[in-house]
Amino acid sequence: MIPAELIGDIPATSDHDLHDEPHAMFEQIVNPLREGMTQIATAPPCAMVIFGVSGDLTSRKLMPSLYDLAMTSRLAEGFSIIGVSRREWTDEQFRDEMRRAVEAHARTPVTQDRWDSFASGLFYVSGNFDDESMYERLGARLDEVDRERRTEGNRLFYLATPPSFYITIINSLGERDLVERQDFYRAPKIGWMRLVVEKPIGNDLASARELNHAMSEVVSESQIYRIDHYLGKETVQNAMAFRFANVLFEPVWNRHYVDHMQITVAESLGVENRGTYYEEAGAVRDMLQSHMLQLLSIVAMEPPAVFRGNAVRDEKVKVLRSVIPPPGATVKDFTARGQYAAGFIEGKTVPGYRQEEDIAPTSTTETFVAMKLNIDNWRWADVPFYLRTGKRMPRRVTEIAIQFQRVPHLMFQAAGTTDVEPNLLTLRIQPDEGISLRFAAKIPGTTMELRTVRMDFAYGASFGSAGADAYERLLIDAMMGDQTLFARRDEVETAWHIIDPVLAAWQAEEVTGLPLYEAGTWGPEKSDALIERDGRVWRRP
Amino acid sequence: MMTGVAAIGGADQKLFTGWTADSVEVTRIRAELSELWRSWATLHGAPSGDILPGDREQVFMRPSTVNVIAVTETIEEAQRTAELLLSLPDYSPSRSIVLARHGAGGGQPFAVQLFVDERVLHRSSSPTRIEVIVISAPPGHDEALASIATTLLVPDLPDVLYVPFEPVAPNPLLHNLRESCDGILVDTVSARDAGASLEFLRACASIRNTLGLGDLVWTRLRTWRDLIAQFYDQPAALASLEFITDVQIVHAASGPDVRSGRTAALLIAGWLASRLGWRTPGELIPTGTGYRLTLRSGGRGKSREVLLHISEGTSDFSCASLERVTLTATGDQASTFSVERVGESAIMTSSSTPHVPDMTRLVHSSCPPDNVILAAKLRRLRIDPVYRDALEIAATLWPEGFDL
């Protein structure tokens, strides 16, 4: 069977091999019993190798998601997992560890017979990531699994390790022929081979390029799946459905009608147990460079020809390329950063960032950032996009608010209405997922008095239950060879291209006192000043 | 007139009111519904439509989904259907209207019951309103029932005609309503006359191509179809599809509640035959242990026989659906693949192909209760050509005169 990515894409015509074959994007149905089952995503047989399997990501997300997928028959009969880490575990010990993780985090209750069935496909290889003999043992295990569990040579390599190991692992896989470079013209020797990497992809443009280059030396872009779990969220995908499956809004989705957009990703939590990571990353690297620029590109992109792989990603990249990075000298006019101090969240006192575990008492890591970006293209010229994200905000909320322009002429002034608020469209990503539209309406009575009202669509009201977990969705997509919801090399690098000048300017700036904001507030005063300078105000989401 | 709190449709308590009359007035139904909502607001301390105080703002709202008109024969059936509609785990209809064609009669022959409820269907969503209206009429008032039901529909929503029990012919009410609805949903699990029920659905399919048509039995088969298809996703197994020579389908026998897996067996046979291009020369032939039929596969000059066996099983876990399906291919591409329900929440697959060790696995598949199945089907009721193809063959398989 020809792997999906080899049908969907044509080979590199540039260094990125990023183009689609527009008329060959749909995988042919070869199994007649699959006809009509397009809504049932079932992964083909494969072996999944998880590097760093003893880590938190595997226990909390990957293994529970895989168990749930297996129990709901979304995975093929012989689906197998080979865990790799430094721990000296046997297969049995590995299975016991994974059982504990699954029992704690999976949706499907674990029973002995269910676990026995799932665990029969779990195997373990112990060793350091730079140990050549480990890769030999891994290769032997993969061959064995192919023979005994009909995985057909299909392999999904998942890098759930700290990013510092990525290049070592990728190079070793290539050197040991455990992965082969696959592209459009070359038929695979055995099955498909794909590589899944977690964010962060680098911590600046240079390191992102280095990592991407290392991967491209071993596999083609069509084999690389960069996970940003935000893209697996139902409501993020619904933003695309809202824009491109309805005729009503697209005609006004441009500079002629939109005044500005606000994208907010607020968390009420602090750094929890991620202090060490967060000290290095900060709000810009943790949230803005990845999740928020993904949201921006989805809400600002041109309509793709199809909802498939590179067609969508091409449009997202075009938007990011049109974003004007804040010029070095004026970074402070386009950004505001801050760090949370002690305060109150939901009536309880919480410590300041510098009092958190694993955080330096003199830390200058930002836990809040607000940024104004302009998109220099035909659709969005002169429309500012305001982005803000922070920890210890008053509430957890992610939303995209599209503020439309005021009416050009208010004909109701004589009747006493001197102003009406402009229309506002809000896409709520979480919680209370939905869409609301603010518009003016007449107050019942004998006078022509107006008031703004809200029209609401709530996901729960129309669909009831929640959709699949983001990781389940993305894992299945990777196994099926659908890259639509994964970040492409040029997306990641273009995002860093926007962020790098900000980080450089901040680094050059002597931080004598990072503005503090009280936990439970919407950020430092500089953030308000950033938007008020333009005659606008932040929404209270 | 009776008004009160009912524990219908599960542990949650719903408000209800009811009355009998010589005729049914739609304006009274609307007024009584409004009154019930006012009572609800009083009981729960917040006027409906207003924002609830608390740490999270919540706004009450009506689900924006579908209208359901359920057609039943008796008051008992109507009552059970109302319970089912009030207990849907999600995708509750915006309004459900349950009609009983053979009410009690007597001095005031029409009876009306109204149920209202507000529920949070998902933890991150706001509460939604649920309304179920039950109307029973004495025999011979089909046209009146149809006109009342259509007047009560919430505008601008798809209308689904739901037949929860066996469709009884002739049925002017069904005939009247099915012309104007957007979808028809039947549950043939309780069909005493499998052939007639499938034939009814086949006739519905011919009304127009744009009609959404569904059978909850088909929805219950989703996991089975998926697991069977999954085996043949493997390139090595795919080739054996053309060499299948034997199909064994074992289904649940009819229980005390009349529910059985008979139509499930016919539909799965119809699905395999339609997808794999097997030709059906006639009806199933009774044997001592079940039924059999020799189908033909392959084109001219390459024609082969496929022996289809359908029989009743004895398993306690069959969920009124299938117990086991086994597909055997012979010759160069020999393989055996079997799917079997082995527990209330477990299905086991077993496969055997040359040169590879035999494999078994267990997947979690509970016997979904009717409210879960109904909600799932309402959510995705659409034109399904694969189902229609399967139905077309299934309806012709069952021999006349061999029903319960």
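Everything here concerns the structure above.
Small disclaimer: the values here were computed from a predicted structure and weren't measured.

A. Here's a closer look at the nonpolar core. Counting residues in hydrophobic clusters, the biggest one holds 145 residues, and the most contacted among them are Phe51(A) and Tyr158(A). Top contributing element to this core by residue count: helix 9 (residues 275–300) of chain A, with 12 residues. Residues within four places of Phe51(A) in sequence aside, it is in contact with Val84(A), Phe129(A), Met134(A), Tyr135(A), Leu138(A), Phe157(A), Tyr158(A), Leu159(A), Ala160(A), Thr161(A), Ile169(A) and Leu173(A). Counting 96 residues, the second largest nonpolar core, distinct from the first, contains Ile133(B), Leu177(B), Leu293(B) and Ala395(B).

B. Region of the structure containing the interface of chain B and chain A. At the interface, 54 residues of chain B touch 40 residues of chain A. For the chain B and chain A pair, buried surface summed over both sides reaches about 4000 Å², with 53% attributable to carbon and sulfur atoms. The largest share of the area that chain B buries against chain A comes from Met359(B), Leu362(B) and His364(B), three residues that together contribute 16% of it. On the surface where chain B and chain A come into contact, there are 4 salt bridges. Arg74(A) is paired through a salt bridge with Asp226(B); the nearest N and O atoms lie 2.5 Å apart. Counting residues per element, the side of chain B that touches chain A draws most heavily on helix 7 (residues 222–231) of chain B, at 9 residues.

C. Spotlight on the packing of helix 10 (residues 309–322) of chain A against helix 14 (residues 489–508) of chain A. Residue and element names in this part refer to chain A. Between helix 10 and helix 14, whose axes approach to 9 Å, the crossing angle comes to 15°. In this view, helix 10 runs roughly parallel relative to helix 14, as classed from their interaxial angle. Once helix 10 is placed against helix 14, the crossing between them reads as left-handed. The residues of helix 14 that touch helix 10, namely those facing Arg313, Lys316, Val317, Leu320 and Arg321, are Asp490, Glu491, Thr494 and Ile498. Split by residue class, the contact of helix 10 with helix 14 holds 3 nonpolar, 1 polar and 5 charged.

D. Geometry of the pattern of salt bridges. One pass over the full model with this rule turns up 56 salt bridges over all chains. The salt bridge involving Arg99(A) is made with Glu103(A); its shortest N-O contact spans 3.0 Å. In this pair, Arg99(A) and Glu103(A) are both assigned in helix 3 (residues 91–105), 4 residues apart and thus about one turn of the helix distant. When the shortest N-O distance is used, the salt bridge between Arg155(A) and Asp146(A) registers 3.1 Å. Judged on exposure class, the residue Arg155(A) and its partner Asp146(A) are both buried. Salt bridges sharing partners connect three or more residues here, namely Asp187(B), Arg220(B), Asp257(B), Arg259(B) and Asp370(B).

E. Focus on helix 2 (residues 56–71) of chain A. Residues and elements named next belong to chain A. Taking 1.5 Å per residue, 16 residues should reach 22 Å; helix 2 reaches 22 Å between its end C-alpha atoms and fits that length. Remark: the principal bend of helix 2, roughly 35°, maps to leucine 62, with a proline, proline 64, within the next four residues. The buried fraction of helix 2 is high, at 12 of 16 residues. The complete set of buried residues in helix 2 reads Leu57, Thr58, Leu62, Met63, Pro64, Ser65, Leu66, Tyr67, Asp68, Leu69, Ala70 and Met71. Backbone geometry just after helix 2 places serine 73 at a positive phi near 55°.

Procedures and definitions
- Residues numbered from 1 in each chain as written.
- Chains lettered and ligands numbered in written order.
- Predicted model: local features only at pLDDT ≥ 70, side-chain atom pairs only at ≥ 80, totals over all residues.
- Heavy atoms only, no water.
- Core = buried A, V, L, I, M, F, W, Y, C linked by side-chain atoms within 4.5 Å.
- Buried < 20%, exposed > 50% of the residue type's maximum accessible area, 1.4 Å probe, protein only.
- Helix = DSSP H or I, 4+ residues; strand = E, 2+ residues; numbered from the N terminus.
- Contact = heavy atoms within 4.5 Å.
- Buried area = accessible area lost by both parts, 1.4 Å probe.
- Salt bridge = Lys/Arg side-chain N within 4 Å of Asp/Glu carboxyl O.
- Axes fitted to C-alpha atoms, helices over the stretch in contact; angles between N-to-C directions.
- Parallel < 35°, antiparallel > 145°, perpendicular 65-115°, else oblique.
- Left-handed = near helix turned anticlockwise from the far one by under 90°.
- Nonpolar A, V, L, I, M, F, W, Y, C, P; charged D, E, K, R; others polar.
- Expected span 1.5 Å × (residues − 1).
- Bend = angle between axes of the 7 residues up to and from the residue.

In short, the description is geometric, and any link to function would need to be established separately.
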